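# What the coordinates show
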Amino acid sequence: MGGGRVVGEPPRPLVSELERTRDSAPVPAAWDYAPAPEARDLVDLREQYGLFVGGEWLEPTEAYTTIDPSSEEPLAEIGQASREEVGRAVGAAREAFDNGWSDISPAERAKYLFRIARILQERSREFAVLESLNGGKPIRESRDVDLPLSAAHFFYYAGWADKLEYAFPNRTPRPIGVAGQIVPWNFPLLMLSWKIAPALAAGNTVVLKPAETTPLSALLFADVLRQAELPPGVVNIVTGDGRTGAALVEHPDVDKIAFTGSTEVGKSIQRQLAGTDKHLTLELGGKAANVIFDDAALDQAVEGIVNGIYFNQGHVCCAGSRLLVQESIYEPLIGKLKRRLATLRVGDPLDKNTDVGAINSKQQLDKIKELVAAGEEEGAEIYQPPCRLPEKGYWFAPTVFTNVAQSYRIAQEEIFGPVLSVLTFRTPDEAVEKANNTPYGLSAGVWTEKGSRILAMAQKLRAGVIWANTYNRFDPASPFGGYKESGFGREGGRHGLEPYLEFD
Ligand code: NDP
């Protein structure tokens, strides 16, 4: 077919003609991207949502409005579940546990999980749009990361449901009972999947509380459960703010709490549950070091650094927010990084060309601004590429801080935004010491050509997940979780089943 002229199209000028009639070469002045918006009408929003309890929609006594953080436009009215309503959800979960779900044959349980996984795949475009709309994350990420990984988690744990006795040889596993699960706003559907899939595979029933700012994908997930014909009460979804979460933690008939969120709330939950017989897993904050040695492939490392901190606007507990660069490559690496930053496209989360979307909430934006101001005050040097931020909504430009001392707040505290702090080191030992100089211990990255150095660093870094020559790679078969103030317990892999089981 080739590049021939379409009939009816005006004849194209020859290059020689263009050169003759213009002063400069015939190249457009700016190579602007055309907008490439994903269709918002793939999502059919209701005006009001109830609480999903015992397979039915329960009308809540109180409600609040959830918004699109990129425009501040109201999206829907969401239930604020009271203590009494949380109690009804726990009651429904207990009834479903006692009346069949825990005794159902494991192979039957697996079928439900497989069904949920398939439906998530089938409806992935709709879910991706909803996730970007309610959370502000770029559609490219919800489409290519959140949704495929969410479905993969259900597929993975469906495979374990009838193999529990092989997963834990010489031990007889049994489900714990009712699991109360509290998830944050950075990966609403993915965190839901990390929690619900292993809980059901192990034979438990669930009451899940999504984050206040991002309830919509969990509420659409209730429709997936209906489609999959999951028995009523096996999964219940109660929306609301921290008070709803607290009511779930305190409820005497909940057997296990799985929490992902801030270290502060995690600590208070741990204090609250001390002395009770409730099981607990906590996945909390992080301040990961991404360590670049002088023999690393610099261009690949720059991609890894960008992915490490600007993925999901830096709203990632394992984000590579502290960059440790070996001194001898500091100048070329920072030069490359700044040039790469200038190519990041910040804007409409539903545009397929967007790299960095909106900040999830005003509260989070204020926190980022406060820490960035502290960084400037303490003496760090700030760099932000020129970029025009939309006037409405919550936005923050990708930011790099150089000249950072270890004691600065931006090197110690979790910013949870698109802000990178750069430090340097001379020797591997110094890199380890600086990397471990944090109350957290969730993740780390190492970039070097030497396999032996990767293994040596992995032995010494106090982090639950260590990536080598890559960053932010996830797989349902791989356990994820932290040390120190990043929490305890693992999600993913065979390890992720254990917190949902008791053993005879
Ligand atoms: P929270 O820890 O408050 O939120 C996490 C989840 O816990 C949400 O569903 C929240 O509900 C719920 N929750 C809040 N208070 C309680 C409580 N007392 N008992 C039970 N559940 C509760 O985090 P924030 O949203 O306030 O974020 C603050 C900071 O935490 C961020 O800036 C970031 O640094 C860190 N963070 C870390 C995450 C991680 O993955 N490690 C995830 C999210 C935040 P609600 O949304 O209604 O408040």
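Coordinates for the structure precede this section.
Residues numbered from 1 in each chain as written. Predicted model: local features only at pLDDT ≥ 70, side-chain atom pairs only at ≥ 80, totals over all residues. Heavy atoms only, no water.

### A few points about helix α7 (residues 188-201)
A rise of 1.5 Å per residue sets the reference length of α7, with its 14 residues, at 20 Å; its end C-alpha atoms lie 20 Å apart and thus fit the reference within 8%. Most of α7 sits out of view: 14 of its 14 residues are buried. One or two positions beyond α7, positive phi appears at Gly-203, with a value near 95 degrees. (Helix = DSSP H or I, 4+ residues; strand = E, 2+ residues; numbered from the N terminus. Expected span 1.5 Å × (residues − 1). Buried < 20%, exposed > 50% of the residue type's maximum accessible area, 1.4 Å probe, protein only.)

### Section: the site of the ligand
In the neighbourhood of the ligand, 28 residues make up the surrounding shell, with Trp-185, Ser-262, Leu-284, Lys-367 and Glu-414 lying closest. In this structure, Glu-212 approaches the ligand through a main-chain N or O atom, which is 2.9 Å from an oxygen atom. Take Ser-262: an N or O atom from its side chain is 2.7 Å from an oxygen atom of the ligand. Computed on the free molecule, the ligand has an accessible area of 860 Å², of which 86% lies beneath the protein chains in the complex. Mapping the ligand onto the cavity grids shows that it belongs to the largest pocket. Secondary structure elements with two or more residues in the shell around the ligand: α9 (242-250), β9 (256-260), α10 (263-273) and α13 (362-378). Tallied by class, the residues present in the shell around the ligand amount to 13 nonpolar, nine polar and six charged. (Near = heavy atom within 4 Å. Polar contact = N/O pair within 3.5 Å; in protein donor to acceptor, adjacent residues only side chain to side chain. Areas by Shrake-Rupley, 256 points an atom, 1.4 Å probe, with all protein chains shown as cover. 1 Å grid on protein atoms, 1.4 Å probe; cavity = no way out; pocket = protein on both sides within 12 Å on 5 of 7 lines; lining within 4 Å. Sits in = over half its atoms within 2 Å of the grid points. Nonpolar A, V, L, I, M, F, W, Y, C, P; charged D, E, K, R; others polar.)

### Quick word on the pattern of salt bridges
Opposite charge on two side chains lets them pair, provided their charged atoms get close. Taken as a whole and assessed by the stated rule, the structure comprises 28 salt bridges. In this structure, Arg-94 engages Asp-253 in a salt bridge whose closest nitrogen and oxygen atoms are separated by 3.1 Å. Of this pair, Arg-94 sits in helix α2 (residues 83-101) while Asp-253 sits in the loop between α9 and β9, and the two are 159 residues apart along the sequence. With a relative accessible area of 17%, Arg-94 lands in the buried category. The residue Glu-413 makes a salt bridge to Arg-409 at a minimum N-O spacing of 2.7 Å. (Salt bridge = Lys/Arg side-chain N within 4 Å of Asp/Glu carboxyl O.)

### Some remarks on the packing of aromatic side chains
Applying the stated criterion across every chain yields a total of 14 aromatic pairs. Ring geometry for Tyr-156 versus Tyr-157: centroids 4.9 Å apart, planes at 85 degrees, classification edge-to-face. Residue classification places Tyr-156 among the partly exposed positions, given a relative accessible area of 21%. On the basis of an interplanar angle of 55 degrees and a centroid distance of 6.0 Å, the ring pair of Phe-474 and Phe-480 is categorised as tilted. Judged by relative accessible area, which is 4%, Phe-480 ranks as buried. (Phe/Tyr/Trp six-rings, centres within 6.5 Å; stacked < 30°, edge-to-face > 60°.)

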